[in-house]
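# Chains, contacts and geometry: an overview
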Amino acid sequence: MRVAVFSSKSYDRQFLEAANGGKHQLMYLEPRLDASTAIAADGALAVCAFVNDHLDAEVLAALARQGVKLVALRCAGFNNVDLAAAKEFGIEIARVPEYSPYSVAEHAVAMMLTLNRKIHRASARVREGNFALEGLLGFDFHGKTVGVVGTGKIGLCFIRIMAGFGCKVLAYDPHPSQDCVDAGARYVELPELLHESDIVSLHCPLTPQTQHLINEQAIATMKHGVMLINISRGGIIDTRAVIRGLKSGIIGSLGLDVYEEEDNLFFRDLSNSMIHDDVFARLLTFPNVVVTGHQAFFTQEALTEIAKITIENLSSFEQNGKAAHPVSVERIA
Ligand code: NAD
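Remember, it's a predicted structure, so these values are computed and weren't measured experimentally.

Glancing now at the domain arrangement of the protein chain. Taken domain by domain, the protein chain comprises domain 1 (2-99 + 300-332) and domain 2 (101-291). Put simply, the middle of domain 1 and the middle of domain 2, counted by C-alpha atoms, are 30 Å apart. One can count 0 salt bridges joining domain 1 with domain 2. For the pair domain 1 and domain 2, the number of links is 5 residue pairs in polar contact (both at pLDDT 80 or more).

Rendered as structure tokens:
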């Protein structure tokens, strides 16, 4: 099957080629998929897309006109897809529901440790011959309360790691899981979690219900000096409100792997350009903020699995007219 692989990088090609073994004809396209680039899928029966590709009604209509029947997302989240429009245009949407929850959970922990022990600042200081410790004081995670919002596959991994640190874990999820309770979490309502937690880590998907879940009102109820970690989707926090929280000191430190407007920034080298996004630029001025460019998934194990399941989705669709891991409007309704 001929497949147009949008937003493809050298590492996508490396892992997809290894998983494909020549089964499908993969056309690697560097540009992001949007209304202006959809034409590049001409001649392909399937499109392979990533987190910041635009799959709104306009793009899906353009793909359908060109004969595209399948969009295979090489990610778990599908908030960038208009599922109702995909159904209307007869395009199947497939995803990689699980690849390595460890990769993402471990990145959240890496951010927590970096922020707490100020590794980013300490490392820069030592390189300059500055061995002073002032400003680098951290705290023990042991005995602290960690609030986990969203306790699916990644949330569960994260809870297990936090339990290993000796933290008290509070959890909030509309669908509680016994595995998380067995791992040591106690389910509470969201206001209690926000009020009681020393660290809040977000692991829920971006949906209309979770859009700006962490807003001005939520921040006002949080512990003074709370550490906030978002490696899920940028839109879950209201970035402007979080900046005000940082300025007031309610938010003591912030770790972000995702950002509301990241599709204008992430996954490319802009080091020779100016950053036009003033909100993002303001975030980078805080010493107690660490931002990574949506790399929590970026481990060898995760990329191997993403490529394997993406090829499974393509092969299954080619053979049976149905992807191995479809997403449908009905499923999320
Ligand atoms: P999952 O589907 O296994 O778990 C998501 C959990 O969130 C579910 O238990 C669900 O009930 C819960 N949830 C839904 N609505 C909620 C709400 N309003 N409040 C609290 N919880 C809610 O998904 P997962 O594999 O654990 O991934 C979680 C999210 O992590 C994904 O949706 C994606 O946005 C993000 N993610 C980020 C990266 C990255 O590289 N930064 C990589 C993979 C996934």
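Helical geometry: 3.6 residues make up each α-helical turn, so side chains three or four residues apart lie on a common side. Inspection of helix 10 (residues 239-248) places T239, A241, V242, I243, G245 and L246 among the buried residues, and these make up the whole buried set. Residues of helix 10 that are buried sit in contact with helix 9 (216-220), strand 10 (226-230), strand 11 (251-256), helix 11 (278-283) and strand 12 (289-291). In this structure D238 caps helix 10, since a side-chain oxygen of it lies 3.2 Å from the backbone nitrogen of R240. Residue G249 follows helix 10 closely and has a positive phi angle near 95 degrees.

The next subject is empty space enclosed by the protein. All chains considered together, the criterion is met by 1 cavity of 30 Å³ or more. Estimated volume of the largest cavity: approximately 90 Å³. Elements represented by at least two residues in the lining of the largest cavity include exactly helix 1 (10-20) and helix 12 (300-320). Element by element, the count of residues in the lining of the largest cavity is highest for helix 1, at 4 residues. Residue classes in the lining of the largest cavity are distributed as 8 nonpolar, no polar and 2 charged.

Here we have 6 strands laid out as an open sheet, ordered 2-1-3-4-5-13, and mixed in their pairing. The two strands at the open ends of the sheet, each matched to only one other strand, are strand 2 (25-28) and strand 13 (326-327). The pairing of strand 3 (residues 46-49) with strand 4 (residues 70-73) spans 4 bridges and is classified as parallel. Looking across to strand 4, one finds that C48 is bridged to A72. Across the sheet, helix 12 touches strand 1 (2-5), strand 2, strand 3, strand 4 and strand 5 (92-94), and the angle it forms with strand 4 is around 160 degrees.

With that settled, consider the layout of surface pockets. The calculated volume of the second largest pocket comes to roughly 290 Å³. Surrounding the second largest pocket, 17 residues form its lining, N52, N79, L206, Y259 and E260 being those nearest its centre. Considering only residue class, the lining of the second largest pocket consists of 4 nonpolar, 8 polar and 5 charged. Each of domain 1 (2-99 + 300-332) and domain 2 (101-291) gives at least three residues to the lining of the second largest pocket.

Conventions adopted
- Residues numbered from 1 in each chain as written.
- Predicted model: local features only at pLDDT ≥ 70, side-chain atom pairs only at ≥ 80, totals over all residues.
- Heavy atoms only, no water.
- Domains from an automatic or database assignment.
- Salt bridge = Lys/Arg side-chain N within 4 Å of Asp/Glu carboxyl O.
- Polar contact = N/O pair within 3.5 Å; in protein donor to acceptor, adjacent residues only side chain to side chain.
- Buried < 20%, exposed > 50% of the residue type's maximum accessible area, 1.4 Å probe, protein only.
- Helix = DSSP H or I, 4+ residues; strand = E, 2+ residues; numbered from the N terminus.
- Contact = heavy atoms within 4.5 Å.
- 1 Å grid on protein atoms, 1.4 Å probe; cavity = no way out; pocket = protein on both sides within 12 Å on 5 of 7 lines; lining within 4 Å.
- Points joined across faces, edges and corners; volume = space filled by probe spheres on them.
- Nonpolar A, V, L, I, M, F, W, Y, C, P; charged D, E, K, R; others polar.
- Pairing = 2+ DSSP bridges.
- Axes fitted to C-alpha atoms, helices over the stretch in contact; angles between N-to-C directions.

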